Amino acid sequence: MLTLEDYLSGQVLLIDKPLNWTSFQVVNKLRWEIRQAYNIKKIKVGHAGTLDPLASGLLVICTGKMTKQIDTFQGQIKEYTGTFVLGSSTPSFDLETEIDGNFPTEHITESLIHKTTEQFIGNIQQYPPVFSALKKDGKRLYEYARAGESVEIKPRTVSISEFKITNINGLHIDFRVVCSKGTYIRSLANDFGKALNSGAHLSALRRTKIGEFDVKNSLSVDKFIQNLSSK
């Protein structure tokens, strides 16, 4: 069982982020629970890579002196699994916003779906979603989007080393992606739909790995709190 000294000297905690929680909420919850458990006023806690509220899966949480390693962990290769829905698009590229476009899908075959993944392997140019926390002129992109303001977004170079289709069920396409820091899977969904001469949006996303860290070895927030209370 970890002691207060362990947390202060630095720990790497693998947490399985639940749906509808922000990464910041997870960090705040763990920080508060550690403070309460050990009756302390202050402890450094941070995460190594944001997950959207509508995504679940691996969050690497650092405490104490290990927060100095956050940048290192953030730069590591990441693995995701999830589902695209073909034939429709949304402004946020996922289910945060309503469908705003419908597209033909009659021409899409399983062979075409598998073949199209090849366009996205290697270094690619990707536009981040306008509904994202990236900043432009000191303001987050989603603030512009929610205010109905248009803003110029520049593409970024990201790297995708693996892009596999794991199941096809009608218009629902399950996938696994291994990619670099800064890759938006929502943008990949949108671009994949365009590459099929149709549309697509992300309906489910789970981060399964960051570097050598695997979600299989993670704890739920509730399990972490339970372990703390039984110290």
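Look up: the structure comes first, before these words.
None of the values given here were measured: they were computed from a predicted structure.

Caption draft 1: Structural detail: the packing of helix α2 (residues 23-38) against helix α7 (residues 221-229). Contact geometry of α2 with α7 gives a least axis separation of 10 Å together with a crossing angle of 10°. As judged from the angle between their axes, α2 and α7 are roughly parallel. Between α2 and α7, the contacting residues are Val 26, Lys 29, Leu 30, Glu 33, Ile 34, Ala 37 and Tyr 38 on the first element and Val 221, Phe 224, Ile 225 and Leu 228 on the second. For the contact of α2 with α7, the residue count by class is nine nonpolar, no polar and two charged.

Caption draft 2: A look at unusual backbone geometry. Phi at Asn 20 is positive, roughly 70°, even though this residue is not glycine. Counting through the fold element by element, Asn 20 comes out in the loop between β1 (11-17) and α2. Phi angles above zero are rare outside glycine, and Asn 39 is one such case at about 55°. Counting through the fold element by element, Asn 39 comes out in the loop between α2 and β2 (45-47). Residue class for Asn 39 comes out exposed when judged on its relative accessible area of 73%.

Caption draft 3: Local environment of the environment of Tyr 127. Structurally, Tyr 127 is set in the loop between β7 (122-126) and β8 (135-136). Each C-alpha atom of the pair Tyr 127 and Ile 168 lies 26 Å from the other, and the pair is 41 residues apart in sequence. With sequence-adjacent residues up to four places away left out, Tyr 127 is seen in contact with Ile 153, Lys 154, Pro 155 and Ser 187.

Caption draft 4: Layout of the pattern of salt bridges. With the rule as written, the count across this model stands at seven salt bridges. As a salt-bridge pair, Asp 16 and Arg 206 come within 2.7 Å of each other at their nearest N and O atoms. Taken together, the residues Asp 16 in strand β1 and Arg 206 in strand β12 (residues 200-210) connect sequence positions 190 residues apart. In this structure, Lys 29 and Glu 33 form a salt bridge, with 3.0 Å as the shortest nitrogen-oxygen distance. Here Glu 33 and Lys 29 lie together in helix α2, a separation of four residues that amounts to about one turn. Linked through salt bridges whose partners overlap, the residues forming this network are Asp 52, Asp 94 and Arg 186.

Caption draft 5: Here's a closer look at a positive patch on the surface. A grouping of Lys 42, Lys 44, Lys 65 and Lys 68 is seen on the molecular surface, where their side chains present a positively charged patch. Looking at the element boundaries, Lys 68 is found in the loop between β3 (55-63) and α3 (70-74). When its relative accessible area of 68% is taken as the criterion, Lys 68 is described as exposed.

Caption draft 6: Looking closely at the nonpolar core. In this structure, Phe 84, Ile 160, Phe 163, Phe 175, Val 177, Ile 185 and Phe 192 are the most contacted members of the largest nonpolar core, which totals 25 residues. Contributing elements (two or more residues each) for this core: β4 (78-86), β10 (156-169), β11 (172-179), α6 (185-195) and β12. If we ignore the near neighbours within four places in the chain, the residues touching Phe 192 are Phe 84, Ile 113, Thr 116, Thr 117, Phe 120, Phe 163 and Ile 165.

Caption draft 7: Highlighting the packing of aromatic side chains. Evaluation of the coordinates by the stated rule reveals nine aromatic pairs. On the numbers, 6.3 Å between centres and 75° between planes, the contact of Phe 84 with Phe 163 is edge-to-face. Taken together, the residues span a long stretch of sequence, with Phe 84 in strand β4 and Phe 163 in strand β10 at a distance of 79 residues. The same class applies to Phe 84 as to Phe 163, namely buried. For Phe 84, a relative accessible area of 0% corresponds to the buried category. Chaining the aromatic ring pairs together yields one cluster made of Phe 84, Phe 120, Phe 163, Phe 175 and Phe 192.

Caption draft 8: Inspection of α2 at higher detail. For α2, which comprises 16 residues, the first-to-last C-alpha distance of 23 Å matches the rise-based estimate of 22 Å (1.5 Å per residue) to within 8%. Among all positions in α2, only Ser 23, Val 26, Val 27, Leu 30, Glu 33, Ile 34 and Tyr 38 are buried. Around the axis of α2, the buried residues are gathered within 135° of arc, so they sit on the same side. Buried residues in α2 make contact with α1 (4-9), β1, β2, β3 and α7.

Thresholds applied
- Residues numbered from 1 in each chain as written.
- Predicted model: local features only at pLDDT ≥ 70, side-chain atom pairs only at ≥ 80, totals over all residues.
- Heavy atoms only, no water.
- Axes fitted to C-alpha atoms, helices over the stretch in contact; angles between N-to-C directions.
- Helix = DSSP H or I, 4+ residues; strand = E, 2+ residues; numbered from the N terminus.
- Parallel < 35°, antiparallel > 145°, perpendicular 65-115°, else oblique.
- Contact = heavy atoms within 4.5 Å.
- Nonpolar A, V, L, I, M, F, W, Y, C, P; charged D, E, K, R; others polar.
- Buried < 20%, exposed > 50% of the residue type's maximum accessible area, 1.4 Å probe, protein only.
- Salt bridge = Lys/Arg side-chain N within 4 Å of Asp/Glu carboxyl O.
- Patch = residues over 30% accessible without salt bridge, like charges linked within 9 Å, V, L, I, M, F, W, Y side chains within 5 Å.
- Areas by Shrake-Rupley, 256 points an atom, 1.4 Å probe, with all protein chains shown as cover.
- Lys, Arg positive; Asp, Glu negative; His and termini not counted.
- Charge placed at Lys NZ, Arg CZ, Asp CG, Glu CD.
- Core = buried A, V, L, I, M, F, W, Y, C linked by side-chain atoms within 4.5 Å.
- Phe/Tyr/Trp six-rings, centres within 6.5 Å; stacked < 30°, edge-to-face > 60°.
- Expected span 1.5 Å × (residues − 1).
- Arc of directions from axis to C-beta.

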